[in-house]
Each structure stands twice: as C-alpha cells, then as structure tokens.
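# Observations on the model geometry
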Amino acid sequence: MDSKKPEDTCVLVTGGAGFIGSHTVVDLLENGYHVVIVDDLSNSSPRVLDRIHRIVGDEAFSRCTFHEVDICDRAALEEVFARHDVDRVIHFAGFKAVGESVEKPLEYYSNNIGGTLTLCEVMREAGCKAIIFSSSATVYGDPDALPLTEDSPKKPATNPYGWTKWMIEQVLTDLTVADPEWDVVLLRYFNPIGAHPSGLIGEDPKGIPNNLVPYVAQTAVGKREAVHVFGDDYPTPDGTGVRDYIHVCDLAAGHVAALAWMNGRCGVEVFNLGTGVGSSVLDVVKCFSEACGHEIPYVVEARRAGDVAENYADCAKAGREMGWKARYDLADMCRDSWNWQSKNPDGLGA
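What counts as what
Residues numbered from 1 in each chain as written. Predicted model: local features only at pLDDT ≥ 70, side-chain atom pairs only at ≥ 80, totals over all residues. Heavy atoms only, no water. Helix = DSSP H or I, 4+ residues; strand = E, 2+ residues; numbered from the N terminus. Expected span 1.5 Å × (residues − 1). Buried < 20%, exposed > 50% of the residue type's maximum accessible area, 1.4 Å probe, protein only. Contact = heavy atoms within 4.5 Å. Polar contact = N/O pair within 3.5 Å; in protein donor to acceptor, adjacent residues only side chain to side chain. UniProt positions renumbered as here; feature names shortened; annotations may be inferred. Core = buried A, V, L, I, M, F, W, Y, C linked by side-chain atoms within 4.5 Å. Pairing = 2+ DSSP bridges.

## Observations regarding helix α12 (residues 330–343)
The end-to-end C-alpha separation of α12 is 20 Å, in line with the 20 Å expected for 14 residues at 1.5 Å each. Burial of α12 is extensive: 10 of the 14 residues sit out of reach of the surface. Among all positions in α12, only L330, D332, M333, C334, D336, S337, W338, N339, W340 and Q341 are buried. The elements touched by buried residues of α12 are α2 (47–56), β7 (191–193), α8 (212–220), β10 (245–247), β12 (279–280) and α10 (281–292). Two or three places before A331, at the opening of α12, D329 has a side-chain oxygen 3.2 Å from that residue's backbone nitrogen.

This is the structure:
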C-alpha cells in the first residue's frame with residue numbers, strides 16, 4: 001500500500017456522528033483529511049453535523065460528506081464506496097450499552113459482528129484494505145496484573161457487548177493472516193469522557209445514561225436525583241472502582257496518530273489508549289463537583305456483576321510507536337464535560 005498525505009487521503013468513518021466519532025471527525029478535518037461519515041443516527045443526532053461545521057469552519061467542512069446509512073445494509077454501503085475513493089476506514093459504528101447487550105444478545109451480535117463483516121466484505125470488493133477498529137479494554141477482562149499492556153492476555157468477556165469487541169478483533173486478525181495486504185489497527189480504549197472544549201459537541205446518550213460521567217453530568221444539571229455508586233467495598237483507596245478515564249479529544253488524536261502510523265503498512269497492530277492513571281468513582285464525583293461549583297449527591301448500592309476493582313493502562317507503546325500521549329487530566333475532562341452539559345442540558349435532540 002502506498003503512503004499518502006492527509007490532503008490526498010479519504011477516510012470513511014462509521015458511526016461518525018456519535019460521541020467518539022464526531023470528535024475524531026473534527027480532528028481529521030483539522031488535520032487536512034477528506035472525511036466520509038456513515039451513520040444510521042440510531043444513537044446520535046443529525047444536528048452534530050452543524051456543530052462540527054461550526055468548530056472546523058467552512059474550508060475544512062467542505063471536505064466532509066455525510067451518508068445516513070446502516071452498515072448492515074450492504075447495497076447502501078456499496079453505493080457509498082462507489083461514490084467515494086475511500087483509502088482507509090475508522091470503524092466506530094455499533095451498539096454499546098453493556099446492560100442492554102445482556103437483554104438483547106442476538107441484536108448485539110447481529111448488528112456489531114454482522115455489520116463489521118458486511119463492512120469488511122464491501123471494503124475488500126472496493127479494494128480498500130486499511131481499517132482502524134474502535135475496540136475496548138473490556139477484552140482484558142479481570143486483569144491478572146496492572147497496568148495493562150498490549151501483551152496482557154485477553155480474557156473471556158462478561159457480557160455480549162464485550163464479546164462483540166473480542167470477536168471482531170479476532171475476525172480482523174484472521175483477515176490479515178488470510179490476506180497480508182490488509183492493514184489493521186486495533187485501538188483498545190479505556191474510559192472515554194470529556195467533551196470538545198467549545199462545548200458544541202459531547203456525549204449525548206439517548207435515555208438513561210449507561211456510563212458514569214454522563215450520569216454525573218445529568219445529576220449536576222438537575223436531570224437526575226443522585227449518582228448511583230455500585231460498591232464501596234473494593235480493595236481500592238476509597239473502596240470504589242478505579243478506572244482509567246481518557247479525554248475524548250485525546251482519544252480522537254489517537255486515531256489521527258494511528259492513521260499516520262499505519263500509512264503504507266500491512267498486518268495487525270494493537271494499541272492501548274488511556275492516561276495510565278486510575279481514578280475512582282468518588283474521585284470523579286468530587287472532581288465534577290468542583291467543576292460545576294456544587295456538591296453532587298450520590299448513593300452507594302451493591303456491586304454490579306462483572307465489575308472489576310481496578311483497571312488502568314500502560315500506554316507506552318502508543319507513545320513509542322505513534323508519538324501519541326494523553327494531554328488532559330481528570331480535572332480537564334470534568335471541566336469540559338460540565339461545559340458541554342451546562343450549555344446543552346437536553347443534548348442535541350433528534
């Protein structure tokens with residue numbers, strides 16, 4: 001595969017109207033790439049496109065095209081590839097609620113794995129064999145040792161959502177074995193939070209949030225009565241679960257770094273994207289309270305099945321190979337989350 005400059009590179013972003021996808025699209029456009037967004041808007045708003053436009057300006061946004069397409073729809077996806085000379089794909093699209101995946105396993109396997117298989121088949125037919133996959137630290141399961149490195153063993157998943165990440169990684173790895181021309185990067189995220197500093201885009205979950213920080217933010221703005229803390233008897237400094245939270249803008253920058261790194265390569269590579277610093281649930285509640293200027297109420301409940309006590313990353317490989325390192329700390333993440341939530345208390349709407 002020949003290497004290309006950003007201004008000569010067309011990147012198709014599945015799920016590009018979502019939380020992480022939209023921030024990555026901003027970073028791609030600001031770095032000169034041509035971007036094709038494919039999103040079925042099942043968990044996002046079309047209004048995010050206007051917000052992206054406002055952030056990047058007219059010239060950069062002129063290099064962005066949007067198609068409302070479900071990646072499981074082969075004919076529609078083939079039409080997108082027929083209309084654009086796509087060089088690489090960043091694959092975010094997928095259902096992502098852990099609890100819902102337990103209730104609807106068939107829907108999760110069908111959408112997440114089936115959609116990825118369709119995407120890869122259409123890519124192959126179009127002669128595009130370079131993909132960055134939005135994976136997760138969930139593939140490490142309950143860790144044997146911390147911090148987690150890319151060589152830490154993958155463990156059996158604890159829910160169907162986690163299994164879809166696990167299996168898609170395997171599918172893409174097997175693909176590179178069968179056809180060495182494929183260029184695959186697996187990015188294992190830890191816990192993305194925060195929002196664009198402009199306050200124009202951020203995490204906008206539909207219904208009751210499944211993740212901690214959106215729930216904290218909605219409690220801070222008065223939409224929820226209190227934050228639910230699941231377990232305060234873990235073997236951690238304050239008894240609550242410890243996670244590696246990463247600013248979504250750092251995560252977006254990690255995808256742009258991966259695009260530059262994979263340019264012209266073949267094979268499969270794995271990178272952790274996190275800060276390398278663990279923060280507890282109560283650390284987040286306290287930090288967010290400082291960001292919003294008032295105490296956020298919380299109630300302690302029983303542990304949830306499948307939750308691990310601690311989970312944080314060793315991200316030295318991403319720094320060594322791609323020149324990427326997280327720039328934002330927890331205070332920055334909470335500040336930007338509050339800025340987004342306070343300016344958009346009801347999100348972006350339909």
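## Quick look at the UniProt feature "domain: NAD(P)-binding" (unreviewed entry) in the protein chain
In the numbering used here, UniProt assigns the feature "domain: NAD(P)-binding" (unreviewed entry) to residues 12–336. Structurally, residues 12–336 is divided into 41% helix and 18% strand, and its ends, taken at the C-alpha atoms, are 27 Å apart.

## Notes on unusual backbone geometry
Omega for the peptide link from L146 to P147 comes to -5°, which places this bond in the cis form. When you line up the elements, P147 lands in the loop between β5 (130–136) and α7 (160–178). Located in the positive-phi region is L41, a residue other than glycine, with phi close to 60°. Position of L41 relative to the elements: it lies in the loop between β2 (34–39) and α2.

## So, the nonpolar core
L28, L273, M322 and W324 are the most contacted members of the largest nonpolar core, which totals 57 residues. Take this core: its biggest share by element is 10 residues, from helix α9 (residues 248–262). Ignoring any residue separated from it by four or fewer positions in sequence, one finds L28 in contact with V11, V13, Y33, V35, I90, V256 and L259. I131, F133, L175 and V270 belong to the second largest nonpolar core, which has 26 residues in total.

## Description of the environment of E150
Tracing the sequence through the fold places E150 in the loop between β5 and α7. Setting aside its immediate chain neighbours within four residues, E150 contacts Y140, R188, V270, F271, N272, D314 and K317. For E150, the side chain forms a polar contact with the main-chain nitrogen of N272, separated by 2.8 Å.

## Considering the sheet that holds β12
Across the sheet, which stays open at both edges, the three strands sit in the order β12-β9-β14 with mixed pairing between neighbours. Every interior strand has two partners, whereas the edge strands, β12 and β14 (310–311), have only one. In the sheet, strand β9 (residues 242–243) pairs with β12 via two bridges, with the strands oriented antiparallel. Looking across to β12, one finds that R243 is bridged to S279.

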